[in-house]
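Below, each chain spelled out in residue letters.
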Amino acid sequence: MKNFFRKQAYKFQQFMIGRYGIDKLWGVLLVFFFIITLLANAFYRVSKITYYALEVMALVLVIFAIFRVFSKNIDARRAENAKWLKFENGFKGFFKFQNDKFKQRKTHKFVKCKNCKKTLRLPRHKGKINVTCPHCHTQFVVNTGKKATDNQ
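About the cut-offs
For every chain, the first residue of its written sequence is number 1, and the numbers climb from 1 along that sequence. The model is predicted, so local features are restricted to residues of pLDDT at least 70 and side-chain atom pairs to those at 80 or more, both for listing and for counting; the totals for chains, interfaces and linings are taken over all residues. Each side-chain value is derived from all of the structure's non-hydrogen atoms; neither hydrogens nor water enter the calculation. A run of H or I in DSSP counts as a helix once it spans at least four residues, and a run of E counts as a strand once it spans at least two, with each numbered from the N terminus. Only protein chains enter the accessibility calculation, which uses a 1.4 Å probe. A residue is then buried if its area is under 20% of the maximum for its type, exposed if over 50%, and partly exposed in between. By the convention used here, residues are in contact when the closest approach between their heavy atoms is within 4.5 Å. At least two bridges found by DSSP between two strands are what make those strands a pair. Only buried Ala, Val, Leu, Ile, Met, Phe, Trp, Tyr and Cys residues count toward a nonpolar core, and they belong to the same one when joined by side-chain atoms within 4.5 Å. Axis definition: a line fitted to C-alpha atoms, limited for helices to the stretch in contact. Angles are taken between N-to-C directions and run from 0 to 180 degrees. For classification, angles of less than 35 degrees are called roughly parallel, those exceeding 145 degrees roughly antiparallel, those between 65 and 115 degrees roughly perpendicular, and all remaining angles oblique. Charged means Asp, Glu, Lys or Arg here, nonpolar means Ala, Val, Leu, Ile, Met, Phe, Trp, Tyr, Cys or Pro, and polar covers whatever is left, Gly included. By convention, a stacked pair of Phe, Tyr or Trp rings (six-membered ring in the case of Trp) has centres within 6.5 Å and planes under 30 degrees apart, an edge-to-face pair has planes over 60 apart, and any other such pair is tilted. Lysine NZ or arginine CZ positioned within 6 Å of the ring centre and within 35 degrees of the ring normal marks a charge as sitting over the ring. Polar contact is defined as a pair of N or O atoms within 3.5 Å, subject to the rule that within protein one atom must be able to donate a hydrogen and the other to accept it, and that residues adjacent in sequence are counted only when both atoms are side-chain atoms. In plain terms, two cysteine sulfur atoms within 2.5 Å form what is called a disulfide here. Basic side-chain nitrogens of Lys or Arg form a salt bridge, by our definition, when they fall within 4 Å of a carboxyl oxygen of Asp or Glu.

J.: I would appreciate a short explanation of the environment of N99 in the present structure.
T.: Assignment of secondary structure puts N99 in helix α4 (residues 74-103). Looking at N99, the relative accessible area reads 37%, which means it is partly exposed.

In structure tokens:
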């Protein structure tokens, strides 16, 4: 029995040579498939039309995911995955930046450059300071709060 499964695994490996296989986008498509299927089941008693529409959407997603795994057009699948990763990293990067801003809110002030709209991080409690944007080299004045006085 063990030998049978080894042979089947070898045959499958031979079949997959030259095909794209599994990537990050495949996993995301399957997660969306399960979410849409659960949503469809929640709508089963409410509206049959909505249920069938969601089931068709889920079926299309899983067929597309399977198509991508067995596709021999590796360059196109790689480009699709790269687009997904770029979107995902931009999305994650935005929330990471917001989290960092929140953690540093007591020690730093975040201001946007008046010219290029890039966000600059400045130390708090330095009074009015002259700032030069490192991206576009525009100079402007920013009030970072009252200077801390030395009363020692």
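J.: Explain the environment of F43 here, please?
T.: With respect to the helices and strands, F43 occurs in the loop between α2 (24-42) and α3 (48-70). Considering only alpha carbons, one finds F43 and L54, 11 residues apart in sequence, at a separation of 9.0 Å. If near-sequence neighbours (up to four positions away) are discounted, F43 is found in contact with T50, Y51 and L54.

J.: Looking at this structure, how should I read the pairing of strand β1 (residues 108-112)?
T.: The side chains of a regular strand alternate, residue by residue, between the two faces of the sheet. Here five bridges tie β1 to strand β2 (residues 119-123), and the two strands are oriented antiparallel to one another. When the bridges of β2 are listed, K109 appears paired with L122. Hairpin geometry of β1 and β2 is characterised by an intervening segment of six residues between the two adjacent antiparallel strands and by a positive phi of about 65° at K117.

J.: What is the right way to read the nonpolar core from this model?
T.: Most often, soluble globular proteins keep nonpolar side chains buried together rather than apart. L29 and I36 are the most contacted members of the largest nonpolar core, which has 14 residues in total. Elements with a minimum of two residues in this core: α2 and α3. Sorting elements by how many residues they give to this core places α2 first, with seven residues. The next biggest cluster of nonpolar side chains, apart from the first, holds eight residues, and it includes V111, C113, C133 and F140.

J.: What am I meant to see in the packing of α2 against α4 here?
T.: The axes of two packed helices give the description: the angle between them and the distance between them. Running from N to C, α2 and α4 cross one another at 70°; their axes reach a closest spacing of 8 Å. One element, α2, and the other, α4, form an angle in the roughly perpendicular class. Residues K24, L25 and V28 of α2 pack against E80, N81, W84, L85 and E88 of α4. A breakdown of the residues in the contact of α2 with α4 according to their chemical character gives four nonpolar, one polar and three charged.

J.: Just to check I follow, could you spell out the packing of aromatic side chains for this structure?
T.: Geometrically, a pair of aromatic rings is defined through the distance of the ring centres and the angle of the planes. Within this structure, the stated rule accounts for 12 aromatic pairs. Taken together, the ring pairs connect W84, F87, F91, F94 and F95 into an aromatic cluster. Just above the ring of F102 sits the side chain of R105; from NZ or CZ to the centre is 4.0 Å.

J.: Could you clarify how one ought to interpret the side chain of D23 in this entry?
T.: Within the secondary structure layout, D23 lies in the loop between α1 (2-16) and α2. Polar side-chain contacts of D23 include one of 3.0 Å to the backbone nitrogen of W26. In this structure the side chain of D23 is engaged in a polar contact, spanning 3.0 Å, whose partner is the side chain of R68. D23 has contacts with R68, R77 and N81, leaving out every residue within four places of it along the chain.

J.: Sorry if this is basic, but what is going on with the state of the cysteines here?
T.: Inspection of the entire model under this criterion finds zero disulfides. Between C116, a free cysteine, and C133, which holds the nearest cysteine sulfur, the sulfur-to-sulfur gap is 3.6 Å.

J.: What's the story with the pattern of salt bridges in this structure? I'm lost.
T.: Pairing between side chains of opposite charge can happen when the charged atoms of each approach one another. One pass over the structure, following the stated rule, counts six salt bridges. When the shortest N-O distance is used, the salt bridge between E80 and R77 registers 3.0 Å. Within this pair, E80 and its partner R77 are both found in helix α4, separated by three residues, close to a single helical turn. In the salt-bridge network here, residues are joined through shared partners; they are D23, R68, R77 and E80.

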